[in-house]
Amino acid sequence: MSEETVYDELGVPSVVNAAGTKTRIGGSRIRPDAVEAMERAATEFVRLSDLQAKASELIADVTGSQAGYVTCGADAGLLLAAAAALAGDDPGVMDQLPDTDGIPDEIIMPRTHRTGYDHAFRAAGATIVDVGTNDRVLGTGATAVEPWEIDRAISERTAAIGYVQKPYTEPALSTVTEIASEYDVPVIVDAAAELPPTENFSRFIEDGADLVVFSGGKAIRGPQTTGIVAGRRDLVESIALQHLDMHAAGEVWQPPAELVDIDRLDGVPRQGIGRPLKVGKEELVGLLVALESFLEDDHDVARGRWQRDAARIASALESIRGVDPALDGGDDDSVAPQVAVHVDSAASTCSATELVRALRAESPRVFVGADRLDEDVFTINPMCLGASELDHVIDRVRSHLTASQ
Ligand SMILES: *Cc1c(COP(=O)(O)O)cnc(C)c1O
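About the thresholds
- Residues numbered from 1 in each chain as written.
- Predicted model: local features only at pLDDT ≥ 70, side-chain atom pairs only at ≥ 80, totals over all residues.
- Heavy atoms only, no water.
- Near = heavy atom within 4 Å.
- Polar contact = N/O pair within 3.5 Å; in protein donor to acceptor, adjacent residues only side chain to side chain.
- Areas by Shrake-Rupley, 256 points an atom, 1.4 Å probe, with all protein chains shown as cover.
- Nonpolar A, V, L, I, M, F, W, Y, C, P; charged D, E, K, R; others polar.
- Domains from an automatic or database assignment.
- Buried area = accessible area lost by both parts, 1.4 Å probe.
- Salt bridge = Lys/Arg side-chain N within 4 Å of Asp/Glu carboxyl O.
- Buried < 20%, exposed > 50% of the residue type's maximum accessible area, 1.4 Å probe, protein only.
- Helix = DSSP H or I, 4+ residues; strand = E, 2+ residues; numbered from the N terminus.
- Arc of directions from axis to C-beta.
- Contact = heavy atoms within 4.5 Å.
- Patch = residues over 30% accessible without salt bridge, like charges linked within 9 Å, V, L, I, M, F, W, Y side chains within 5 Å.
- UniProt positions renumbered as here; feature names shortened; annotations may be inferred.
- Phe/Tyr/Trp six-rings, centres within 6.5 Å; stacked < 30°, edge-to-face > 60°.
- Pairing = 2+ DSSP bridges.
- Axes fitted to C-alpha atoms, helices over the stretch in contact; angles between N-to-C directions.
- Lys, Arg positive; Asp, Glu negative; His and termini not counted.
- Charge placed at Lys NZ, Arg CZ, Asp CG, Glu CD.

(A) The arrangement of the site of the ligand in detail. Surveying the vicinity of the ligand reveals the residues T23, G73, A74, D75, Y117, D190, A192, A193, S215 and K218. A distance of 2.9 Å separates an oxygen atom of the ligand from a polar backbone atom of D75. K218 places a polar side-chain atom, nitrogen or oxygen, 2.8 Å from an oxygen atom of the ligand. Here the ligand has 390 Å² of accessible area as a free molecule, and 88% of this is covered by the chains. Tallied by class, residues from the shell around the ligand come to 4 nonpolar, 3 polar and 3 charged.

Have a look at this one:
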């Protein structure tokens, strides 16, 4: 804890991350072997399309898909997936995007799957068409979306179906892909945070997804600015063509055949809509190395450690007046164990909201989870905490909650 960070050196406050893999505060810690590989990548040259072809092979292997691609984050993957669905192998449409005049541009999404991240679909030029209702929250027993609603929404204007994979999403992905395949409409799945378990790498492809997107900077612990797209070869090819640097002299343009089949194309595309979403060789290499070591990890061991840490945090806080810590997410494989701490502000020194604000204003800043403040609950997630940081968090939280008792 006492060691100076590079952020301290720059005069920028350091953060102790007790909130889990949140992009706002830097995501996760990159694996040491990935950092080392990035350092080596930084000082030598490579053709990026060759590196992407290698990535495609590895991603295909891991996910059981035809091909894969590395993007600068899962959200960039969604934008590129939409661009691929819109343009296919037509260099004219690639050049036209995000203008979608004259082409099918609707992406159908169950209303309850909408998130802030789907702005990426619109950034590619697509228009999102919501289906279903929000009845679920009324407690009537009605579903959020019926399969026929998706079926009826498909028309000649449809470019794709967007699906967000979460434990609570409905209908099942296989139901949606079955409908979509009748109309030859691709299904794009946002599974950014659905790792581990590693079986999820192949699960959505098996369920018929055409493209699946994962974040490289969450549990995989690759660089923050990486994501993975896995899926159909023709769509991945379209992504490559709209993303790779295309300032190419036509006569000598020889992209790797595993990634791009030039015979399918009328000519060399221009710089595409994905060009601003560049992925450097360092990030690409970092992700590939991180992905391989993520696959070798024993996720049960990590989970066991987080569970023990969570139990320790809970027992350190339970005797404080007005404070009720509970273990959360421990038995669901896809949710990291954490502690949900309810604060009764009438009995305590401050409210959960006041505590979160005060912790963030300290030096170093302490970030605890603030997703449930409306229930007077803050959360402590041990995933990104080193041993001395864990003690620091317990210490700081205790100190605020016992201040004037
Ligand atoms: C984290 C997340 C994203 C964005 O991932 P990045 O790699 O940060 O771009 C998109 N969708 C969902 C559901 C997420 O949880």
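On we go from here.
(B) Expanded view of the domain arrangement of the protein. The assigned domain composition of the protein is domain 1 (6-26 + 298-401) and domain 2 (32-296). Using only C-alpha atoms to locate each centre, domain 1 and domain 2 end up separated by 33 Å. Taking both partners together, domain 1 and domain 2 bury about 760 Å²; carbon and sulfur atoms supply 55% of that area. Our enumeration of links across domain 1 and domain 2 arrives at 0 salt bridges. Looking at side-chain class alone, the side of domain 1 that touches domain 2 contains no nonpolar, 5 polar and 2 charged residues.

(C) Representation of helix α8 (residues 173-183). Among the residues of α8, L173, V176, T177, I179 and A180 are the ones counted as buried. Here the buried residues of α8 occupy an arc of 160° about the axis, which is enough to place them on one side. Structural note: α8 exposes E178, S181 and E182 on the side pointing more than 90 degrees away from its buried face. Against α7 (147-153), β5 (158-164), β6 (187-190) and α9 (200-206) lie the buried residues of α8.

(D) Up close: a nonpolar patch on the surface. A surface patch of nonpolar side chains, about 410 Å² in accessible area, is lined by V6, Y7, L10 and V12. By secondary structure assignment, the location of V12 is in the loop between α1 (6-9) and β1 (15-18).

(E) Inspection of the UniProt feature "modified residue: N6-(pyridoxal phosphate)lysine" (unreviewed entry) in the protein at higher detail. UniProt feature "modified residue: N6-(pyridoxal phosphate)lysine" (unreviewed entry): in the numbering of this structure it lies at K218. You can see K218 is positioned in the loop between β7 (211-215) and β8 (227-231).

(F) Inspection of the packing of aromatic side chains at higher detail. All told, the structure shown has 3 aromatic pairs when counted by the stated rule. Residues F204 and F214 carry aromatic rings whose centres are separated by 6.4 Å and whose planes lie at 35° to one another, so their mutual orientation is tilted. Of this pair, F204 sits in helix α9 while F214 is found in strand β7, placing the two residues 10 residues apart along the sequence. In this pair, the class of F204 matches that of F214, namely buried.

(G) Broad picture of the sheet that holds β8. Here we have 7 strands laid out as an open sheet, ordered β2-β8-β7-β6-β5-β3-β4, and mixed in their pairing. In this open sheet, the two edge strands, each paired with only one partner strand, are β2 (67-71) and β4 (127-131). The average undirected angle you get between the axes of adjacent strands in this sheet is 25°. Bridge analysis of β6 against β7 gives 3 bridges, and the strand direction is parallel. Across the sheet, V189 pairs through a bridge with V212, a residue of β7. Packing of helix α3 (residues 48-63) onto the sheet brings it into contact with β2 and β8, and relative to β2 it is tilted by some 120°. Running at roughly 155° to β6, α8 makes contact with β5 and β6 of the sheet.

(H) Representation of the environment of N17 within the structure. Inspection of the secondary structure assignment puts N17 in strand β1. Under the relative-accessibility criterion, N17 is labelled buried at 8%. Distance in space between the C-alpha atoms of N17 and S28 is 9.0 Å, their sequence separation being 11 residues. Those residues within four positions of N17 in sequence are excluded, and the remaining contacts are I25, G27, F367, N381, C384 and L385. Of note is the side chain of N17, whose polar atom sits 2.8 Å from the backbone nitrogen of A19. Only 2.9 Å separates the side chain of N17 from the backbone oxygen of G20, close enough to count as a polar contact.

(I) Inspection of the sheet that holds strand β9 (residues 323-328) at higher detail. A sheet is described by the order of its strands in space; here 3 strands give the open sequence β9-β10-β12, paired in antiparallel fashion. Both edges of this open sheet fall to β9 and β12 (377-380), since each of them pairs with a single strand only. When the angles between neighbouring strand axes are averaged without regard to direction, this sheet yields 25°. The pairing of β9 with strand β10 (residues 338-343) spans 6 bridges and is classified as antiparallel. Across the sheet, residue A326 finds its bridge partner in β10, namely A340.

(J) Highlighting a negative patch on the surface. There is a patch of like negative charges on the surface, built from D33, E36, E39, E292 and E296. For the negative patch, the elements supplying multiple residues, two or more each, are α2 (32-42) and α11 (281-296). Among the elements that take part in the negative patch, α2 stands out by supplying 3 residues, more than any other. Take E36: it is sitting in helix α2.

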